[in-house]
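Tertiary structure, described
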Amino acid sequence: MNRKLRIGVIGGGIGGAALTASLQQRGMEAHLFERTAAYKEVGAGVQMTPNAVKILKALGLGDELQRLGYLPQAIVGRNWRTGREKFRTPLSDACPQLFGAEFYHLHRADLLAMLVGLVDPRHITHNARCMAVLNQDEAAVARFDDGQEFEADVIVGADGVHSVVRDALFGGDAPRFTGHICWRASIPLGERPDFISPVSAVWLGPNGHVVTYAISGGRLLNIVAVSEAADWQESSWHLPSNRDELMRTFSGWHPELLRILSCAQNVLKWGLFDRDPMRHWSRGRITLLGDAAHPMLPFLAQGAAMAMEDGYVLACVLAANAGDIPEALRLYEAERLPRTSRVQLTARERGKIYHLPTPWQQFRRDFSYKLKAMMNPNASGLEANWVFSYDATAFRPPDGAATRGEPSEETRPIPG
Ligand SMILES: Cc1cc2nc3c(=O)[nH]c(=O)nc-3n(C[C@H](O)[C@H](O)[C@H](O)COP(=O)(O)OP(=O)(O)OC[C@H]3O[C@@H](n4cnc5c(N)ncnc54)[C@H](O)[C@@H]3O)c2cc1C
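Residues numbered from 1 in each chain as written. Predicted model: local features only at pLDDT ≥ 70, side-chain atom pairs only at ≥ 80, totals over all residues. Heavy atoms only, no water.

Remarks on the overall build of the chain
Threshold: Secondary structure is summarised from DSSP: a helix means a run of H or I of at least four residues, a strand means a run of E of at least two, and numbering begins at the N terminus for each. Each radius of gyration is computed over the set of C-alpha atoms, and the globule rule expresses the reference value as 2.2 Å times the number of residues to the power 0.38. Think of it in three bands: with a 1.4 Å probe and only protein chains considered, a residue is buried below 20% of the maximum accessible area for its type, exposed above 50%, and partly exposed in between. In this analysis, two residues are considered to be in contact whenever any of their non-hydrogen atoms come within 4.5 Å of each other. All accessibility values rest on the Shrake-Rupley procedure with a 1.4 Å probe; residue burial counts only the protein chains present in the view. We count Lys and Arg on the positive side and Asp and Glu on the negative side, and we leave His and both chain ends out. The atom standing in for a charge is NZ when the residue is Lys, CZ when it is Arg, CG when it is Asp and CD when it is Glu.
The number of helices and strands found in the chain is 13 helices and 18 strands. For a compact globule of 416 residues, the expected C-alpha radius of gyration is about 22 Å, and the chain comes in at 21 Å, within 12% of that figure. Dimensions of the chain, computed from the C-alpha atoms along their principal axes, are close to 65 × 45 × 40 Å. A total of 416 residues make up the chain; the buried ones form 57% of that total. Relative to all contacts within the chain whose residues are 6 or more apart in sequence, the contacts with residues 24 or more apart total 76%. Of the accessible surface of the chain, which amounts to about 17400 Å², a share of 50% is contributed by carbon and sulfur atoms. One way to put it: in the chain the 45 positive side-chain charges average out to a point 6 Å from where the 45 negative ones average out.

See below:
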């Protein structure tokens, strides 16, 4: 094939933007279609683990990361009631040494702006809501709500958990409510320097957990609070909430945490939905990426990282197999499906471990953390972390796809 490959990307979130930037970097003609009129990310944080940081650096965003990111020294696990420290995982020293990249906290809006900033603006269309996609003999077509069509060699559905592209390819299997509600909030740290800690915290309680960490160069404290709930009756999957509701949900937790929650601003709540891992993501010349392919619980902080890894690898296989799209998509699935499925299922398990309901179960969990630390006092606990050690930028098709296996067992909680 001697003409440029033409790719249509549906959905301009973190995954779609990372893919489009990666494709354009490799000289392919990629166009991004986003349903919203303008970008409006929620004021929340996102943890960029070393596997994600490697991609941002490969895309040329290393300086931006340094400027906008926050480098946490460590993450500590604390008991919901006593406040006692249950584990401490070093991050800023351990991650570069073990995985060749840092662990950053970022504002979501900054991350999205960094990725979108790499995309040629002439190849972004806003107000473009995709309604349908279809395969033809030598092309794939996306149809939009204004009647316009876009024909391409490949169409990628990066349109999130409620993906239209996924439904068109595989039928409407609605994502299911996972029994978790997640609050996101932030606290401007300007007048509250005592809240700034280079250490992130995860408070582990019965039927819930709360994570706090600094973002925006230490100017904001990000709060992610998760509680279990029988149902999500709302028609929207996220809603404005307020400090009182948040405080009520976590009443009885440690006073230090309640002091933080009592200052929370911009409180939103989400019903968390996911699906079981899929067996395939592609049909003909159309495939999926990110939450459209594998919506997951946020307890491993990997949804955005997986979407970026997908995008990087997909650009790589398309560049190497421009003349054989089915083979490119087969290689993409072979590389990405096993990993993302494992991360999806591990995130579910992580939730169960974080939310153990009885004091006896919590005691056994906390004791096992202690025991591991005592048996190997010089280890960081991250040594065998298979999530962080993956390097999408080292992927080389086709051999890499065929031979890559999943690394060894996870040994210690990954900061969530
Ligand atoms: C509470 C919470 C905390 C999280 N924390 C982390 C974290 O710390 N680290 C991490 O890596 N991940 C985290 N995640 C996960 C992460 O936010 C998602 O996995 C990630 O945003 C997925 O990116 P995406 O591009 O696949 O989908 P999305 O971000 O959902 O983007 C989809 C885009 O497609 C657009 N779109 C939708 N439908 C259409 C259509 N029909 N036509 C055109 N455009 C359309 C949407 O407007 C949107 O812009 C968290 C998630 C939650 C809920």
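Don't stop here, the text continues.
Description of the site of the ligand
To be explicit about the condition: Nearness is defined per residue: one heavy atom within 4 Å of the molecule or strand is enough. Side-chain atoms alone can form a polar contact between residues adjacent in sequence; in general such a contact is a pair of N or O atoms within 3.5 Å, and within protein one must be able to donate a hydrogen while the other accepts it.
As a matter of local geometry, the ligand sits amid 32 residues, with Gly-15, Glu-34, Gln-47, Arg-108 and Arg-184 nearest to it. Here an oxygen atom of the ligand sits 2.8 Å away from a polar atom, N or O, in the main chain of Gln-47. In the complex, 89% of the free accessible area of the ligand, which totals 1000 Å², lies under the protein chains. Mapped by element, the contributors of at least two residues to the shell around the ligand are helix H1 (14-25), strand E3 (45-48), strand E12 (176-188) and helix H9 (303-320).

Focus on the pattern of salt bridges
In plain terms, the rule: The rule for a salt bridge is simple: a side-chain nitrogen of Lys or Arg has to be within 4 Å of a carboxyl oxygen of Asp or Glu.
For the coordinates displayed, the defined rule picks out 19 salt bridges. Two residues, Glu-64 and Arg-67, come together in a salt bridge whose shortest N-O distance is 3.1 Å. Linking Glu-64 with Arg-67, this pair stays in helix H3 (residues 62-68), spanning three residues, or about one helical turn. Between Arg-348 and Asp-274 there is a salt bridge, and its shortest N-O distance comes to 2.9 Å. Taken as a pair, Arg-348 in helix H10 (residues 325-354) and Asp-274 in strand E17 (residues 265-274) lie far apart in primary sequence, 74 residues in all. Look at the salt bridges and you will find they share partners, linking Arg-176, Asp-274, Asp-276 and Arg-348 into a network.

A look at the sheet that holds strand E10 (residues 149-152)
Working definition: the strands of a sheet are paired by backbone hydrogen bonds and lie parallel or antiparallel to each other. Let me state the cut-off plainly: Two strands qualify as a pair provided DSSP detects at least 2 bridges between them. Between the N-to-C directions of two axes lies an angle of 0 to 180 degrees, each axis being a line fitted to C-alpha atoms and, for a helix, fitted only over the stretch in contact.
An order of E8-E9-E10 is seen for the three strands of this open sheet, with the pairing classed as antiparallel. Strand pairing shows two members of the sheet lacking a second neighbour, strand E8 (130-135) and E10, which therefore form its edges. Sheet twist, expressed as the average angle between the axes of neighbouring strands with direction ignored, equals 15°. Sheet analysis places E8 next to strand E9 (residues 140-144), joined by five bridges and oriented antiparallel.

Some points on the packing of helix H2 (residues 50-58) against H9
Convention followed: For classification, angles of less than 35 degrees are called roughly parallel, those exceeding 145 degrees roughly antiparallel, those between 65 and 115 degrees roughly perpendicular, and all remaining angles oblique. Should the near helix be turned anticlockwise from the far one by less than a right angle, the crossing is left-handed, and should it be turned clockwise, the crossing is right-handed.
Contact geometry of H2 with H9 gives a least axis separation of 9 Å together with a crossing angle of 45°. As far as their axial angle goes, H9 and H2 are oblique. Of the two possible hands of crossing, H2 and H9 adopt the one that is left-handed. Each of Asn-51, Ala-52, Ile-55, Leu-56 and Ala-58 in H2 lies in contact with H9, whose residues at this interface are Ala-305, Met-306, Met-308, Glu-309 and Tyr-312.

Remarks on the nonpolar core
A general feature of soluble globular proteins is that nonpolar side chains tend to end up buried together. Stated formally: Among buried residues, the Ala, Val, Leu, Ile, Met, Phe, Trp, Tyr and Cys ones that are joined through side-chain atoms within 4.5 Å form a nonpolar core.
Counting residues in hydrophobic clusters, the biggest one holds 74 residues, and the most contacted among them are Met-48, Leu-115 and Leu-318. Top contributing element to this core by residue count: H9, with ten residues. Ignoring sequence-local partners within four residues, the contact set of Leu-115 consists of Ile-14, Ala-17, Ala-18, Ala-21, Leu-56, Leu-59, Leu-61 and Met-308. Core analysis: the second largest hydrophobic core is formed by 31 residues, Val-226, Met-296, Phe-299 and Phe-388 among them.

Some points on the sheet that holds strand E1 (residues 6-10)
Strand order in the open sheet formed by five strands is E7-E2-E1-E11-E18, with parallel pairing between adjacent strands. Among the strands making up the open sheet, the edge pair consists of strand E7 (124-125) and strand E18 (286-288). By the bridge criterion, five bridges tie E1 to strand E2 (residues 29-33) in an arrangement that is parallel. Bridged to Arg-6 within E2 is Glu-29.

As far as function goes, none of this settles anything; it's purely spatial.
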